[in-house]
Amino acid sequence: MSLLTNLAKVQEKIPTGVKLIAVSKTKPIESILALYEANQKVFGENKVQELVDKYEALPKDIEWHLIGHLQTNKVKYIAPFVACIHAVDSLKLLIEINKQAIKNNRVIDCLLQVFIAEEETKFGLSIEELQALLESKEFIEMQNVRIIGLMGMATNTLDEEKIREEFRTLENDFQIIKSHYFKFNEEFQELSMGMSGDFELAIAEGSTMVRVGSLIFGERS
Ligand SMILES: *Cc1c(COP(=O)(O)O)cnc(C)c1O
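Before going into details, it helps to say that this report is about the structure given with it. Note that the structure is a prediction, hence the values are computed from the model and not measured. (Residues numbered from 1 in each chain as written. Predicted model: local features only at pLDDT ≥ 70, side-chain atom pairs only at ≥ 80, totals over all residues. Heavy atoms only, no water.)

Comments concerning the packing of helix α6 (residues 127-135) against helix α8 (residues 160-181)
Between α6 and α8, the shortest axis-to-axis distance is 12 Å and the interhelical angle comes to 25°. Judged on the interaxial angle alone, α8 and α6 are roughly parallel. Here α6 runs over α8; the crossing is right-handed. Of α8, the residues touching α6 (which contributes I127, L130, Q131, L134 and E135) are D173, I176, I177, H180 and Y181. Each residue belonging to the contact of α6 with α8 can be placed in one class, and the counts come to six nonpolar, two polar and two charged. (Axes fitted to C-alpha atoms, helices over the stretch in contact; angles between N-to-C directions. Helix = DSSP H or I, 4+ residues; strand = E, 2+ residues; numbered from the N terminus. Parallel < 35°, antiparallel > 145°, perpendicular 65-115°, else oblique. Left-handed = near helix turned anticlockwise from the far one by under 90°. Contact = heavy atoms within 4.5 Å. Nonpolar A, V, L, I, M, F, W, Y, C, P; charged D, E, K, R; others polar.)

See the structure below:
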């Protein structure tokens, strides 16, 4: 089956220590199940409703990552089960995640999304906004979210040098944030960057989590 061949080809290029998140958005339950049976247990979705539907239909030991933009009013639907929220881009959102995590008696792993691309459409925080968030009283008092690292998306371009530069910027931001705010915190160790078109570049620049969709599942229509 080509799905499994695709998975194996991607896995070959991923060193140990880097987590592969198979991005299954728009793809059917059967495809996810086929990969699950081949021992791929980590999947990413970018829409809340689709994530909830797939969570309900599939084995409960799947580790589900929400990788897309998240609206505050939808946090409650995923808080009971989500393993990691990648695109946290405001204090307001983090406050809501903490609140819903408390309700579910959980601690939820989150990544803060940093803006690194050229396009204005991509969500994310600037380094100054990131620092303001991490220094806020609300954040410091939060008990039920765990910031495990940073996430970013490079510009959608064929210019490899530009992509590499953006990943380098994000890696550099990671080091700065780590040394200022998480120096003695082992949990802050993840850098979520890299997709089908650029995951090898991302790994070369320090990524620890790659989010790969179309290379495994085929193009989305
Ligand atoms: C869709 C998506 C991906 C995967 O994209 P591919 O190019 O299909 O690998 C990765 N990250 C985010 C945030 C996405 O929305």
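Quick look at the site of the ligand
Neighbouring residues of the ligand: V23, K25, N46, I67, M153, M195, S196, R211, V212, G213, S214 and R220. Between the ligand and the protein, one listed contact pairs an oxygen atom with a side-chain N or O atom of K25 at 2.7 Å. For the ligand, the protein covers 90% of the area, taking 390 Å² as the surface of the free molecule. Across the shell around the ligand, the residue classes tally to five nonpolar, four polar and three charged. (Near = heavy atom within 4 Å. Polar contact = N/O pair within 3.5 Å; in protein donor to acceptor, adjacent residues only side chain to side chain. Areas by Shrake-Rupley, 256 points an atom, 1.4 Å probe, with all protein chains shown as cover.)

A word on the side chain of Q40
Mapped onto the fold, Q40 is located in the loop between α2 (29-37) and β2 (42-45). A distance of 2.8 Å separates the side chain of Q40 from the backbone oxygen of V42, its partner in a polar contact. Apart from residues lying up to four places away in sequence, Q40 is in contact with L7, Q11, L20, A22 and L35.

Examining the packing of aromatic side chains
Centre distance and the angle of the planes are the two values used to describe a pair of aromatic rings. The full count for this structure, using the stated rule, is four aromatic pairs. Here the aromatic rings of Y55 and F81 are separated by 3.8 Å at their centres, their planes lie at 10°, and the arrangement is stacked. With Y55 in helix α3 (residues 48-57) and F81 in the loop between α4 (75-78) and β4 (84-88), the pair connects residues that are 26 residues apart, well separated along the chain. Owing to a relative accessible area of 23%, Y55 belongs among the partly exposed residues under this scheme. Considering the side-chain rings of F182 and F188, the 4.1 Å spacing of their centres and the 5° angle between planes classify their relative orientation as stacked. Considered together, F182 and F188 belong to a single accessibility category, that of buried residues. Ring pairs connect the aromatic residues F174, F182 and F188, which therefore count as one cluster. Between K41 and the ring centre of Y36, over which it is positioned, the NZ or CZ distance is 4.8 Å. (Phe/Tyr/Trp six-rings, centres within 6.5 Å; stacked < 30°, edge-to-face > 60°. Buried < 20%, exposed > 50% of the residue type's maximum accessible area, 1.4 Å probe, protein only. Lys NZ or Arg CZ within 6 Å of the ring centre and 35° of its normal.)

Regarding unusual backbone geometry
Most of the time, phi is negative for any residue but glycine, and the peptide bond is trans. Even without being glycine, N39 reaches a positive phi, approximately 80°. Relative to the assigned elements, N39 resides in the loop between α2 and β2. Residue classification places N39 among the exposed positions, given a relative accessible area of 56%.

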